[in-house]
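Each chain is listed here by its residues.
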Amino acid sequence: MRHSFRLEDNKNNKKTRMDYSLILMVFFILMAVACLITYFVMANQSSGQKINKLDTSKAYVYTVKKLENKNSESEETVYDKIPSINLKGKKYQQLNNEILNQYHSLVKNNNYIYYGYQFNQSGDILSLMVTYTYYPEQVVYPIINFETYHINLKSGKILTDQELLEMYHVSEGQIQVYLEAKFKKYYSDLVKGGYYTKKQCDYDCFLKNRGISKDYLEGTSFYVEDGKLTLFKYYYRDSIYHEIEFFKDDSYQFLIRE
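My aim in this report is to walk through the structure given alongside it, one point at a time.

Scoring rules and cut-offs
Residues numbered from 1 in each chain as written. Predicted model: local features only at pLDDT ≥ 70, side-chain atom pairs only at ≥ 80, totals over all residues. Heavy atoms only, no water. Buried < 20%, exposed > 50% of the residue type's maximum accessible area, 1.4 Å probe, protein only. Helix = DSSP H or I, 4+ residues; strand = E, 2+ residues; numbered from the N terminus. Pairing = 2+ DSSP bridges. Phe/Tyr/Trp six-rings, centres within 6.5 Å; stacked < 30°, edge-to-face > 60°. Lys NZ or Arg CZ within 6 Å of the ring centre and 35° of its normal.

**Quick look at the pairing of strand β2 (residues 79-85)**
Along β2, 5 of the 7 residues are buried, which leaves the element largely enclosed by surrounding structure. Pairing of strand β1 (residues 61-68) with β2, which is carried by 7 bridges, proceeds in the antiparallel orientation. Bridge pairing links Thr63 to Pro83 in β2.

Have a look at this one:
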């Protein structure tokens, strides 16, 4: 009788433990499901939100100052329009100060002329580009400097070039290959067009006339326009061979990724 009683008791204990295990398992599953639901709800709610503007009546970038361009050769007074990133936050004001300080620093040199700015909002990405023209001494053609800045309006992060490339799943190596192929195609078309023969001007001669090296990424600036990743790279469009008739596009913009 005693033996029979203990067996029955063991069976009850096992059943009780199984019931507790089942309850705990169901509890953890429900908790996991609740966490996932909360995550997706919060993600969907925040996906449409942007960082607050400093001035809601203005665009994400606007002209904050108009300063007289003292390097202009125009007979009329020309004013440089200085951009301001219209976002709340100390880091954006610091970036605005950097842009303004760079302007004052460069235009002190008579060889620099401020060209202007442009910006584009593509979804959560805000891109700003500030352009200067530089006239080096003893150089026939001016150089255009493109300064670009990128902000993720969702996270608020000021993006580096590397972070921007990662967003578009593009590596620097791929861009290097792309630009090399692009300039080699230019060279081939110039030879076919009769501007010169390969003997008169080989590819190294062509690059020298463009003012660029085989490090094609040197002097490039990335810019997001209407969702497309592009880059700006300045090169000389003319030389003693009058290639300017071939290089009609003076935007210096290259499409990298749609």
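**So, unusual backbone geometry**
One non-glycine residue, Asp226, lies in positive phi territory at about 55°. Examined against the element boundaries, Asp226 turns out to sit in the loop between β7 (220-225) and β8 (228-233). The backbone phi angle of Tyr252 is positive, close to 60°, even though this residue is not glycine.

**Some thoughts on the packing of aromatic side chains**
When we look at a pair of aromatic rings, we describe it by the centre distance and by the angle of the planes. One pass over the structure, following the stated rule, counts 24 aromatic pairs. Relative to Tyr132, the ring of Tyr114 lies with its centre 5.4 Å away and its plane at 70°, an arrangement referred to as edge-to-face. Separated by 18 residues along the polypeptide, Tyr114 in strand β3 (residues 112-122) and Tyr132 in strand β4 (residues 125-134) bring together distant segments of the chain. Taken as a pair, Tyr114 and Tyr132 share a single burial class, namely buried. By the ring-pair criterion, three or more aromatic residues cluster together here, those being Phe183, Tyr186, Tyr195, Tyr216, Tyr234, Tyr235, Tyr236, Phe246, Phe247, Tyr252 and Phe254. A cation sits over an aromatic face here: Lys58 above Tyr62, 5.3 Å from the ring centre.

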